[in-house]
Amino acid sequence: QVQQNVERLFTRFVEEGKATVRLREPAVDLCLSKANVINLKTFLSAVRLAHQGSDTGVLPLSPLVPAKNSDVEKPKTKMIITSRRDYPLTKSFPFSLEHLQTSYCKLARIDTRVLCLKKLRKLDLSHNHIKQLPATLGDLVCLQELNLHDNHLEAFSGALCSSGLQKSLQFLDLSQNQIQALPIEFCQLRGLVQLRLDDNALLRLPCRIGQLSHLRFLSAARNKLPFLPSDFRKLCLENLDLFGNPFEQPNPLVPNIQLKIPLTLLECAARATVNHRIPFGCHLLPSHLCKDLEVAKTCRCGSACLSSFIQITVTMNLHHVAHTVVLVDNMGGTEAPILCYFCSLDCYSQFLDRHLQSNG
């Protein structure tokens, strides 16, 4: 289909037998090279007329000779660039690309031309100087692998986590950056199978990390994690690496008491909403209350608590959530502290009794 479907004709090098026809649908570039100049000009003239809706009978196609299969270049699906010198500055990337690597190119930002490659499945931007990710990166709805290793990132925006990447993204490498925390929305990337967070400055992992039900490989070595979120227990991993984090020594006998007695009306309503699975949304409640409800804590008894709770850290053997565990420290340990919440003094007392008996 050519009529009303030609985005642009690139004819700057037509005298050298080269030209490019950019189509709208499908979004591809038809690259012509080594063509007879006269025949090429005739062909481009025919394309222009066809685009404008001219009758096929008046198109100057008679002198054209069908190309041999060996002369037709297949659409380019893979491009690897590993130096600044080879980075294309004056020509566009082929729209047909499915795998693009631009490493060691000293990029300070993601090229807007890359964001137009709607067929991309694998994007490798490792070893650059990228500080921020554009929200339009989420428009690459086919993207399965994103490698941002060794950049200058300080954050991974919540907008990306709420984009089309929710369903498509399976591999994400954010290692060797400067990220201190990931947003609450991060756990909406539920298609993730492999996640690398090594060598950042992470102070915590997302509190709803257990929602990443497809996650099988997690690496967050050499960060600043003092403990793991309680939701970490829900993971089912094949491989886990948390080596080199400054994990705190758990002490269940020294609780962080945030319990307010009697409970406020807000706390009672919030607990009832979560416990009884009452539907809520921004059309019913203020957005800040919705966010609080989405990250409500869960007591050992199964009940929810919002801002009134007792918090402790307990020891968890990481083999409970992963088949293969890299040692946590040089002492050969495979245990780490994990947060634990209680909705009442009664629940905490019951836990404490069992803890003291087992260690008595």
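What counts, and at which threshold
Residues numbered from 1 in each chain as written. Predicted model: local features only at pLDDT ≥ 70, side-chain atom pairs only at ≥ 80, totals over all residues. Heavy atoms only, no water. Domains from an automatic or database assignment. Contact = heavy atoms within 4.5 Å. Buried area = accessible area lost by both parts, 1.4 Å probe. Salt bridge = Lys/Arg side-chain N within 4 Å of Asp/Glu carboxyl O. Polar contact = N/O pair within 3.5 Å; in protein donor to acceptor, adjacent residues only side chain to side chain. Nonpolar A, V, L, I, M, F, W, Y, C, P; charged D, E, K, R; others polar. Helix = DSSP H or I, 4+ residues; strand = E, 2+ residues; numbered from the N terminus. Phe/Tyr/Trp six-rings, centres within 6.5 Å; stacked < 30°, edge-to-face > 60°. Lys NZ or Arg CZ within 6 Å of the ring centre and 35° of its normal. Disulfide = S-S within 2.5 Å. Buried < 20%, exposed > 50% of the residue type's maximum accessible area, 1.4 Å probe, protein only.

1. Quick look at the domain arrangement of the chain
Move 1: What the domain assignment lists for the chain is domain 1 (6-52), domain 2 (78-224) and domain 3 (256-316 + 337-358).
Move 2: The centre of domain 1, based on its C-alpha atoms, is set 35 Å off from the matching centre of domain 2.
Move 3: Between domain 1 and domain 2, the residue contacts involve four residues of the former and four residues of the latter.
Move 4: Counting each side, the surface lost to burial between domain 1 and domain 2 is near 360 Å², with a carbon and sulfur contribution of 57%.
Move 5: Of all residues in domain 1, Arg22, Ala27 and Asp29 give up the largest surface area on contact with domain 2, accounting jointly for 76% of the area buried on that side.
Move 6: If you look at where domain 1 meets domain 2, you find zero salt bridges.
Move 7: Seen at the junction of domain 1 and domain 2, the total is one residue pair in polar contact (both at pLDDT 80 or more).
Move 8: Split by residue class, the side of domain 1 that touches domain 2 holds two nonpolar, no polar and two charged.

2. Notes on the side chain of aspartate 111
Move 1: Position of aspartate 111 among the secondary structure elements: in the loop between strand S5 (99-102) and strand S6 (122-124).
Move 2: With residues up to four places along the chain from it excluded, the contact list for aspartate 111 reads Tyr87 and Phe93.

3. Points about the packing of aromatic side chains
Any two aromatic rings considered together are summarised by their centre-to-centre distance and by the angle between their planes.
Move 1: Under the definition given, this model contains five aromatic pairs.
Move 2: Ring pairs connect the aromatic residues Phe342, Tyr348 and Phe351, which therefore count as one cluster.
Move 3: A cation over a ring is seen here: lysine 297 above tyrosine 341, with NZ or CZ 5.8 Å from the ring centre.

4. Side note on the state of the cysteines
Move 1: Summed over all chains, the structure comprises zero disulfides.
Move 2: As a non-bridged cysteine, cysteine 116 has cysteine 142 as the owner of its nearest cysteine sulfur, 14 Å distant.
Move 3: On the basis of relative accessible area, cysteine 116 is assigned to the partly exposed category, the value being 43%.
Move 4: With no disulfide of its own, cysteine 340 has cysteine 299 as its nearest cysteine by sulfur position, at a separation of 7.6 Å.
Move 5: Judged by relative accessible area, which is 3%, cysteine 340 ranks as buried.

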